[in-house]
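Residue-level structural notes
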Amino acid sequence: MTSASPAWGMESPEVGHDEGVVQDVARAAPTRRSWLSRHGRALTVAVLLMVVLSPFLWLVQLAFRPAADIFEDSLLFAPTFDGFISLLQGNFLKSFGNSLLVSTLSTGFSLLIGVPAAYALTRWQFKGRDRIALWILVTRMAPPIAFTIPFFLAYQYLGLQDTVIGLAIVYLTFNLAIVIWLMQTFFEAVPASLEEAAWMDGCGIWQAFWRVSLPLAAPGLAATAVLCFIFSWNDFFYALILTRTNAITAPVAIVNFLQYEGWEWTKIAASGTLVMFPVVVFTVLVRKYLVRGLTAGSVKD
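So, on to the overall build of the protein. A count of helices and strands for the protein gives 13 helices and two strands. The buried share of the protein, reckoned over its 301 residues, is 34%. Surface exposure of the protein reaches about 19,400 Å², of which carbon and sulfur atoms provide 69%.

As structure tokens, then:
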């Protein structure tokens, strides 16, 4: 005798349970997708930041490690300021001040000379303007070592060797090309009709430049200033060749911690952390203009 089949419209308990699980999974899938859509970008940014910042974070934690545990793999340690204290007791602060002074002077003079030059190349029509802009760019094409001997002999003759002013002049010659080429792009994005309106109101050429064009190009000016400061601050080659004792910069001073008796890893990490600090502060102060300056001109109307 066969068992009776379930009546029409009724489901077996097993089938109903399976369909309930399927429905729960179907309802949970959009929830997971919506969560990923809301937080996926933040997670991606966090992962990328960890990858990009991992060398800097490793250097910072190394600066606070005791010298005896410098090569330990554990991230748990008792932080110490011995590396920074030893730097304060030595001559590193003088080298740090030299780097700060040289980078500031070089950036300031580069902007003072390069910004008006870029404005003139943008607004004034004269024969050979494009060739002059190309010649300016050529100064950045040659490797730095090609200019080492001429600079060394000239500075030895002029008495500028091992001086802060002499090093700032060297950086000026290279940062000037960057300022002119970058600022040309930003001045070209400023409508000339705004300057013409300023002329109608009684402004002269340079008054229109200071009151109209330069404020509108402020984001590009900030981005250019940051790049010039970083290039000057991070230079090692010319600072090594053209300085001896009085004008030694921070990158050269760090190399002095690599000695035959051993490498002073704590001082190297502490000095590297201090060297990063001014650039980070400078970038944070102008971050609003920096982002606008780096993205200016990416979209054409």
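Overall, the coordinates contain 18 aromatic pairs when judged by the stated rule. Consider the rings of F96 and W233, whose centres lie 5.5 Å apart with planes at 85°: the pair is edge-to-face. Taken together, the residues span a long stretch of sequence, with F96 in helix 3 (residues 92–123) and W233 in helix 9 (residues 218–234) at a distance of 137 residues. Ring geometry for F147 against F174: centres 5.7 Å apart, planes inclined by 75°, an arrangement best described as edge-to-face. One end of the pair, F147, is in the loop between helix 4 (129–138) and helix 5 (148–158); the other, F174, is in helix 6 (residues 164–188), and 27 residues separate them in sequence.

Here the focus is the packing of helix 4 against helix 6. In contact at an axis separation of 8 Å, helix 4 and helix 6 are set at 135° when each is read in the N-to-C sense. Considered as vectors, helix 4 and helix 6 are oriented oblique to each other. Read as a crossing pair, helix 4 and helix 6 show a hand that is left-handed. Across the interface between the two elements, A133, L134, I136 and L137 of helix 4 pack against A177, I180, W181 and Q184 of helix 6.

Right, let's get into the pattern of salt bridges. Under the definition given, this model contains two salt bridges. Among the salt bridges present, the one from R123 reaches E195, with a minimum N-O distance of 3.0 Å. On the criterion of sequence distance, the pair formed by R123 in helix 3 and E195 in helix 7 (residues 192–200) is long-range, its members being 72 residues apart. Residue K267 is joined to E264 by a salt bridge in which the shortest nitrogen-to-oxygen separation is 3.1 Å.

Let's shift gears to helix 6. Between its first and last C-alpha, helix 6 extends 35 Å over 25 residues, near the 36 Å set by a 1.5 Å rise per residue. The sharpest bend along helix 6 measures roughly 35° and falls at F174. If you check the start of helix 6, you find a side-chain oxygen 3.1 Å away from the backbone N of G166, and it comes from T163.

On to a nonpolar patch on the surface. The grouping of W124, F126, I132, L134, W135, V138, M141, W199, I205, W206 and W210 at the surface amounts to a nonpolar patch, some 1,200 Å² of accessible area in total. Of all the secondary structure elements, the ones that give two or more residues to the nonpolar patch are helix 4 and helix 8 (205–216). At four residues, the largest contribution of residues to the nonpolar patch is made by helix 4. Mapped onto the elements, W206 comes out in helix 8. Judged by its relative accessible area of 38%, W206 is partly exposed.

We now examine the side chain of T148. When you line up the elements, T148 lands in helix 5. By relative accessible area, T148 is classed as buried at 11%. Here P144 takes part through its backbone oxygen, which lies 3.4 Å from a polar atom of the side chain of T148. Setting aside residues no more than four positions away along its own chain, T148 makes contact with F237 and I241.

Averaged over every residue, the pLDDT of the protein is 79; the share at 70 or more is 82%. Mean pLDDT across the elements of the protein ranges from a minimum in helix 13 (residues 287–295), with 62, to a maximum in helix 3, with 91. Below pLDDT 50 for its whole length, residues 297–301 participates in zero contacts with residues either more than four positions away or in separate chains.

Residues F92, L167, V170, Y171 and Y238 are the most contacted members of the largest nonpolar core, which totals 34 residues. The leading source of residues in this core is helix 6, at six residues. The contacts of V170, once residues within four sequence positions are left out, are F151, Y155, Y238 and L242.

The next subject is the packing of helix 3 against helix 6. What describes two packed helices is the angle between their axes and the distance between those same axes. Between helix 3 and helix 6, the least distance of the axes is 6 Å, while the angle of their chain directions is 35°. Judged by the sense of rotation from one axis to the other, the crossing of helix 3 with helix 6 is right-handed. Split into classes, the residues belonging to the contact of helix 3 with helix 6 amount to 22 nonpolar, seven polar and two charged.

Criteria and cut-off values
Residues numbered from 1 in each chain as written. Predicted model: local features only at pLDDT ≥ 70, side-chain atom pairs only at ≥ 80, totals over all residues. Heavy atoms only, no water. Helix = DSSP H or I, 4+ residues; strand = E, 2+ residues; numbered from the N terminus. Buried < 20%, exposed > 50% of the residue type's maximum accessible area, 1.4 Å probe, protein only. Areas by Shrake-Rupley, 256 points an atom, 1.4 Å probe, with all protein chains shown as cover. Phe/Tyr/Trp six-rings, centres within 6.5 Å; stacked < 30°, edge-to-face > 60°. Axes fitted to C-alpha atoms, helices over the stretch in contact; angles between N-to-C directions. Parallel < 35°, antiparallel > 145°, perpendicular 65-115°, else oblique. Left-handed = near helix turned anticlockwise from the far one by under 90°. Contact = heavy atoms within 4.5 Å. Salt bridge = Lys/Arg side-chain N within 4 Å of Asp/Glu carboxyl O. Expected span 1.5 Å × (residues − 1). Bend = angle between axes of the 7 residues up to and from the residue. Polar contact = N/O pair within 3.5 Å; in protein donor to acceptor, adjacent residues only side chain to side chain. Patch = residues over 30% accessible without salt bridge, like charges linked within 9 Å, V, L, I, M, F, W, Y side chains within 5 Å. pLDDT = per-residue confidence, 0-100. Core = buried A, V, L, I, M, F, W, Y, C linked by side-chain atoms within 4.5 Å. Nonpolar A, V, L, I, M, F, W, Y, C, P; charged D, E, K, R; others polar.

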